Every structure is written in structure tokens, then in C-alpha cells.
2 protein chains.
Amino acid sequence: MTARRSSCIVLGGGGFLGVNLCRRLASAGHRVRAFGRRCLFPEALDQVEWYQGDFCDATALAAAIETYEIVFHLLHATTPQSANLDMAGDLQQNVVSTLALLDISRRLGVKRIVFVSSGGTIYGSCKQIPTLETAPTEPITAYGVGKLAIEKYLAMYEHHYGLQHRILRVANPFGPFQVPIKNQGVIAALISRAIKNETIEIWGDGSVVRDYIFVDDVIAALQSVMSDQSDMRIFNIGSGCGRSLLEVIGSIETLLNMELKIEWRRSRPVDVPVSILSIERAKTVLGWAPSTPFKVGLQRTLDWWKSGK
Amino acid sequence: MTARRSSCIVLGGGGFLGVNLCRRLASAGHRVRAFGRRCLFPEALDQVEWYQGDFCDATALAAAIETYEIVFHLLHATTPQSANLDMAGDLQQNVVSTLALLDISRRLGVKRIVFVSSGGTIYGSCKQIPTLETAPTEPITAYGVGKLAIEKYLAMYEHHYGLQHRILRVANPFGPFQVPIKNQGVIAALISRAIKNETIEIWGDGSVVRDYIFVDDVIAALQSVMSDQSDMRIFNIGSGCGRSLLEVIGSIETLLNMELKIEWRRSRPVDVPVSILSIERAKTVLGWAPSTPFKVGLQRTLDWWKSGK
């Protein structure tokens, strides 16, 4: 957590991580602007300035960034599923737009860019579990390749122009303000269906193992890299533990004291079987650690859904 | 070298490596088509079918590839110097066009794509010298990031669609048919100026160390991956030895028995100080090894220039 107050712009401030981050930054006394095409929860951002704009529109982006010191880049226009359907479009919307962002940030004197990368897709079917930041990056989705290319451009910009950056490779975050859109957020999908007693489609047989992390812990990591002075640039952010989807379903069933209605579908080729991140670097270098036990996070998520959002 | 005859299309068949490759493939009895915007040496390709086309034009590309089994992808529209000036354009011309190529190749049933990547830029300022294929890839040029992104998409296409690929990360090739355009090919630049008794501009102080490899050895490596059945996908191709630019200048001066006229300029930020590739993997797996001593290669290059091309 930073001692001093900064001015921060959160690109993708209207999304799941974005809303959570903006709220936390505002409570910590930072000047915060949220940038995005739309905000799903405007009332949640009452302490934050909302700036409507499209990431692909460089003029809007430059106007939004203005004099802000720290840029949180949380935007990604595609999902691991959708990116493979139009790889050129994925590259255009995410990577080319980020190049424009880098150029704008450099011109406007931005101090630091914090980028949320993908701990779940960037390594591919990694043989090393839990996976270190130094593991080979062999994504099997265009989504992962795009994230990787952005990481490389960030490093290049710091090398040539001194534009500071930090990259968080975030595992599978869950929590309040996550809504099940575009096939993302399996916990949000499970809970939202369960409380309406609806059936949910699940791809695979429930054996896929993921590293689920409660959103508050991700936000704490994002805050801590605002002022990190180490020579590290990339940090895995996860719980450090793996849970199968069947275990997650079991936990939700226990909390709700009901059986979920699930329709099982054939697994998707973009899903790697196991993804668990090693978080030793973030622990050692940032002094950060996840502090919310899985079941506590699940209960808070459930409470949020039950509160009618 | 492959035992059977194949049909091969060489994208970038009119360029330095392309002309050398097409000639060798044709002599080996393969059916060869060269694809490109222009051919600098049409008479050199008299045994080869020339197909004029722009790599960015997917329709032309699909028509050119037709029933060819093996695609050699040697095209790159930018240089390490020019790519950083327009990174979005670099991405568009090279990476987006390659995505179209992959899609076309998959649809047309291409058996294998052989891609020439960049041994000199993909690793960045690597601390490990000589550099193994498993070293971190931290390019400091958009050129290197583009090459890396293409490598990742190739791996993804093989993973999802079974489209075979091999990648050669080639060091600094030199030899006949290399002409000094777009600031590439320092040996070609030195020799061409020297025999006209002209002054040449050199960036830096001559201390940069590179791994120069004679073109015939690169072509032999390209031939050997046509039929490689190993589970390796990426091979460094270099001489395995480093030479400073001053040493190269000295060798040319000795061969020509004259002093070169050089105008020294400030070094460029895209130049890493040392680049030497470890070629153990190619030796072990492909049974390939460079066989042309540096000075022999230099003499052959000189002979080619003196022959009036």
C-alpha cells in the first residue's frame, strides 16, 4: 500500500476488478478516475469520477489520461474463448490499442502503468505446478498470446523511454461485482444461477483445477505495486492453491445447503487441465499475501448476490 | 536434407535468404514457387516459378499457396530499426498478415510451416552467452516482439489444428544475394562500399559482438527442418562464435588488402551489445552444423560482389 496519495486512472474501471479497485483507491484517499465504455454498477462508484470512452479511441484515451500519474490497465476486449474466433480482431482491439496507450502515456508523462495480465492462460499447459513467473510462456489461446505481447511491449517501453511498469499475472479472481458475462467467472455463474434455482452449463467433467483468489486480495496486490521499488516487473497473483471445479461446486452447495443443477458439456480446447500459480515472488518482494480463506470469500460473494447487488 | 521430393512455397522468395533457399530447393529436385512483391535477382531464380504478390493480400496469398505442402515463411516487412518507429504498423504488416497465413494454410491443408525468426533480437540483452533456445525472451525492439508473437501463434495453431511448424532463430546471416538495404546486412554494406572505395557509416564503436553465419549453412538448416520428426520446434541457427564488428572489418581489410573508409556514428538503442547463439540443439537433434569457416564465407561473398552479381 502506498503511503502518499496519487492520482490514478483505471482503464476498465467499470468492470469487475475495476469497480473493486476504484472503490479501494478512493477510500485510500487517491484521486481516481474510472475509464470505460460502460459501468455496470454506477452507484458503486459514487466516490469516483466516471469517464466514458472507448479504449480503441486514442483521442478519448489521451483526453482521459491527462495528468494522471498511474495508469491501471485492466481492459481486455476479448475472453479466452472468444479471442480464438477472431485472432486478428483480438490483436487489433487489445494489443494495437495498448501500443497507442503506451505512446500516449509516454507523451503525457505517466509515471507508471500497472497491467493486469493473465496467470491462467499465459503459461499454457505448464508442466511446472505451481508455476513460477520464470516458467516458459506457451499460451494455447490468442488471448494469452495478446497478453504476452503486451507484457513485452511494456518492458520495451521501460527500456527505451523509462516508462515504469508492473505486471500482475492474476489467477482466477472472484467476488462481489463479478457478473457472469461472456462465459467468464464460473463462481459468479454458479452462484447467480443457484440463487435463482436455474440450471447451469459446465464444460468438461469438473476435474479442471484452478487457482481461485478472492478479489480483495487481488486489489491489495494492485495497490502494493503502485509504489514497488524492486527490480521485479512481473508478479503472479493467486491463492497458491488449486481447487477442482467439483470442489468449488461442493463448497457452494454446502454454503447454500442445496444441490446445484448442472448440465455437463464437452470440454473446450482452450481449457488447460491445471493452473496453479506460485506466489512466492509477490510474498517476498511485495510483502503481499492473500488473506481471505476460500470459503470466507465465497460467503462474501454469496452475501453480495443475496443483497440484490 | 529430405529424401523425398516435396512442393515448397517460399514467402519472401525474392529476398536474400529466399533466393538462396529457392535455388537450393530447386537443385534438390523439389517443386518450388517463390512468392513476394519483387525479386531483386530474377535471373538467379530461372529454375523457380515466380509468383508476384503482397503478403498483406490474403487472396493473393491463398491463390499462391494452392496445393503446396511446405511453406517457408521468410517475410518480415520491417527491420529492427524501422519497427520501433511504427509499432502498430509493424504488428499489422507482420503479425496480422501471418495470422491470415496460418488460417489459409490450415484451410488448404499445408503440411508444415517453417518460420525464420530472429536469433539476434528475440532474446534481448540476454545475460546467458551463448544463448540457449530456453533462455528468457526479452526483446528490446518491436521487431523482436512481433517475431515472438508469430512463434507463439504457430505453436497455438499446431496445438489446436495440427498444423506442423518449425522455427529457426537465425543469427546474422551473410553471403551472396544480400544487398545492403534498410540498414541490414553489415557485411554486405562493408563489402559493397569497399569495392567502390566509398565511405560507410557505422553506428557504435565497433565493439558489438554478433554471431555471423554464412548463408549456405542457414539454407542447410532450413532444408533439414523440412522433414524433422523430433518433438523440438525451435532451433537456434548461428555459427556458435561471436565476432566484434572491428574483427569483421579487419578480416575484410585483410582479404581486400586495403583500409576501409568508415564514419563512426553514435550507437543505436536497438542494438544489444552481444549476441551469440548456442547451436547445440540443432547439432544434436537435426544433425546439422555450420560447415563454412567465416573467412571462406567472406571470400565467397566477396567473389560474388566482384562478379558483378
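Numbering of residues starts from 1 in every chain and runs along the sequence as written. Each chain takes a letter, starting from A, and each ligand takes a number, starting from 1, following the order in which they are written. It should be noted that, the model being predicted, local features are given only for residues of pLDDT at least 70 and side-chain atom pairs only at 80 or more, the latter also being counted only at that level, while totals for whole chains, interfaces and linings use all residues.

Participant: Let's hear about the overall build of chain A: which residues, and what values?
Facilitator: For chain A, the helix and strand inventory stands at 10 helices and 13 strands. At 19 Å, chain A has a C-alpha radius of gyration in line with the 19 Å of a compact globule built from 309 residues. Reported as C-alpha extents along the three principal axes, the dimensions of chain A are approximately 55 × 40 × 40 Å. Within chain A, buried positions represent 48% of all 309 residues. Sequence-distant contacts, at least 24 apart, represent 77% of the contacts inside chain A between residues at least 6 apart. The way it works is that DSSP assigns letters per residue, a run of H or I at least four long becomes a helix, a run of E at least two long becomes a strand, and they are numbered from the N terminus. With C-alpha atoms as the basis for the radius of gyration, the globule rule is written as 2.2 Å multiplied by the number of residues raised to the power 0.38. Working definition of burial: number of other C-beta atoms within 10 Å of the residue's own, with buried at 20 or more, exposed at 12 or fewer, and partly exposed in between, all C-beta atoms being placed from the backbone. Placing C-beta atoms from the backbone, we regard two residues as in contact once those atoms come within 7 Å.

Participant: With reference to specific residues and values, describe the sheet that holds strand 4 (residues 70-73) of chain A.
Facilitator: All names here are of chain A. Strand order in the open sheet formed by seven strands is 3-2-1-4-5-6-11, and the pairing between neighbours is parallel. If you trace the sheet from one side to the other, it starts and ends with strand 3 (49-52) and strand 11 (234-237), each paired once. Taken over all neighbouring pairs, the strand axes of this sheet differ in orientation by 20° on average, direction set aside. Bridge analysis of strand 1 (residues 7-11) against strand 2 (residues 31-36) gives five bridges, and the strand direction is parallel. If you follow L11 over to strand 2, its bridge partner there is F35. Helix axes are fitted only over the stretch in contact, all axes being lines through C-alpha atoms; the angle between N-to-C directions runs from 0 to 180 degrees. Where helix 1 (residues 16-27) meets the sheet, its contacts fall on strand 1, strand 2, strand 4 and strand 5 (112-118), and the angle it forms with strand 2 comes to roughly 165°. Paired strands, as defined in this entry, are two strands with at least two bridges between them according to DSSP.

Participant: Tell me what's going on with the interface of chain A and chain B, and back it up with residues and numbers.
Facilitator: The interface of chain A with chain B comprises 20 residues on the first partner and 20 residues on the second. For the side of chain A that touches chain B, the secondary structure elements donating two or more residues are helix 4 (87-108) and helix 5 (142-161) of chain A. Take the side of chain A that touches chain B: its biggest share by element is 10 residues, from helix 5 of chain A. For this classification, the nonpolar set comprises Ala, Val, Leu, Ile, Met, Phe, Trp, Tyr, Cys and Pro, the charged set comprises Asp, Glu, Lys and Arg, and every other residue, Gly included, is treated as polar. The residue inventory of the side of chain A that touches chain B, partitioned by class, reads 16 nonpolar, two polar and two charged.

Participant: Before we move on, could you go through the sheet that holds strand 3 (residues 49-52) of chain B and cite the residues and values that matter?
Facilitator: Within a sheet, adjacent strands bond to each other through the backbone by hydrogen bonds, running parallel or antiparallel. Residues and elements named next belong to chain B. With parallel pairing, the seven strands of this open sheet are ordered in space as 3-2-1-4-5-6-11. Either end of the sheet is taken by a strand with one partner, and the two such strands are strand 3 and strand 11 (234-237). The average angle at which neighbouring strand axes cross in this sheet is 20°, direction not considered. One ladder, built from four bridges, connects strand 4 (residues 70-73) with strand 5 (residues 112-118); its direction is parallel. Residue pairing for strand 5: H73 is matched across the bridge by F115. Across the face of the sheet, helix 5 (residues 142-161) comes into contact with strand 5 and strand 6 (164-170) while running at roughly 155° to strand 5.

Participant: Describe helix 8 (residues 245-256) of chain A, naming the residues involved and giving the relevant values.
Facilitator: Three or four residues apart is the spacing at which side chains of an α-helix point the same way, because the helix has 3.6 residues per turn. Residues and elements named next belong to chain A. A helix's residues, less one, multiplied by 1.5 Å, set its expected span. Taking 1.5 Å of rise per residue, 12 residues should cover 16 Å, and helix 8 covers 16 Å from first to last C-alpha, within 8% of that figure. Taken residue by residue, helix 8 has L245, V248 and I249 as its buried positions. The arc that holds the buried residues of helix 8, viewed along the axis, is 100°, so those residues lie on one side. On its buried face, helix 8 sits against helix 6 (186-195), strand 8 (200-203), strand 10 (212-214) and strand 12 (243-244). Just downstream of helix 8, N257 is the residue with a positive phi angle, here 55°. The reported arc concerns the directions from the helix axis to the C-beta atoms and nothing else.

Participant: Could you give an account of the relation of the copies chain A and chain B, with specific residues and numbers?
Facilitator: Once chain A is rotated about the relating axis by 180° and shifted along it by 0.0 Å, it coincides with chain B to within an RMSD of 0.0 Å. Those values place the two copies in the arrangement expected of a two-fold rotation axis. In terms of C-alpha distance to the rotation axis, chain A has A149 of chain A as its closest residue, with the C-alpha 3.1 Å off the axis. Comparing contact sets, 100% of the residues at the interface of chain A also lie at the interface in chain B, consistent with an isologous, same-surface contact. Alignment of the copies relies on least squares applied to C-alpha atoms, considering only residues that score at least 70 for pLDDT in both.

Participant: Got a sec to walk through the nonpolar core? Specific residues and values, please.
Facilitator: What makes a nonpolar core is a set of buried Ala, Val, Leu, Ile, Met, Phe, Trp, Tyr and Cys residues, with links drawn between C-beta atoms within 7 Å. V10 of chain A together with V10 of chain B are the most contacted members of the largest nonpolar core, which totals 173 residues. In contact with V10 of chain B, not counting residues within four places along its chain, are G18, L21, C22, V32, A34, F35, F72 and L74 of chain B.

Participant: Any details on unusual backbone geometry? Residues and values, ideally.
Facilitator: Cis geometry marks the peptide bond from I129 of chain A to P130 of chain A, where omega comes out at -10°. Mapped onto the elements, P130 of chain A comes out in the loop between strand 5 and helix 5. Of note in this structure, E66 of chain B is not a glycine but carries a positive phi near 35°. With respect to the helices and strands, the residue E66 of chain B is situated in the loop between helix 2 (58-65) and strand 4. The residue N257 of chain B is not glycine, and still its phi comes out positive at about 55°. Here N257 of chain B lies in the loop between helix 8 (245-256) and strand 13 (261-265). Overall, the presence of 6 C-beta atoms within 10 Å leaves N257 of chain B in the exposed class.

Participant: Quick rundown of helix 1 (residues 16-27) of chain B? Include the residues and the values.
Facilitator: All names here are of chain B. In a regular helix each residue adds 1.5 Å, so 12 residues correspond to 16 Å; helix 1 covers 17 Å between its end C-alpha atoms and thus fits that length. Counting buried positions along helix 1 gives nine out of 12 residues, so the element sits mostly inside the fold. For helix 1, the complete set of buried residues consists of F16, L17, G18, V19, N20, L21, C22, R23 and L25. Residue G29 follows helix 1 closely and has a positive phi angle near 90°.

Participant: Tell me about the pairing of strand 1 of chain A, residues and numbers included.
Facilitator: Regular strands place side chains that alternate from one sheet face to the opposite one. Residue and element names in this part refer to chain A. With four of five residues buried, strand 1 lies mostly within the body of the structure. Handedness of a crossover: with both strands directed away from the viewer, a clockwise path from the first strand across the helix to the second marks it as right-handed. For the crossover that starts at strand 1, traverses helix 1 and ends in the parallel strand 2, the hand is right-handed. Pairing geometry for strand 1 and strand 4, over four bridges, is parallel. Each residue of the ladder has a partner; that of I9, found in strand 4, is V71.

Participant: Any chance you could break down the packing of helix 2 of chain B against helix 4 (residues 87-108) of chain B for me, citing the residues and the numbers?
Facilitator: Residues and elements named next belong to chain B. Contact geometry for helix 2 and helix 4: axes closest at 10 Å, N-to-C directions at 35°. Pair helix 2 / helix 4 crosses with right-handed handedness. Judged by residue contacts, A58, L61, A62 and I65 of helix 2 engage A100, L101, I104, S105 and L108 from helix 4. A per-class count over the contact of helix 2 with helix 4 returns eight nonpolar, one polar and no charged. Each crossing gets its handedness from the near helix: less than a right angle anticlockwise from the far helix is left-handed, clockwise is right-handed.

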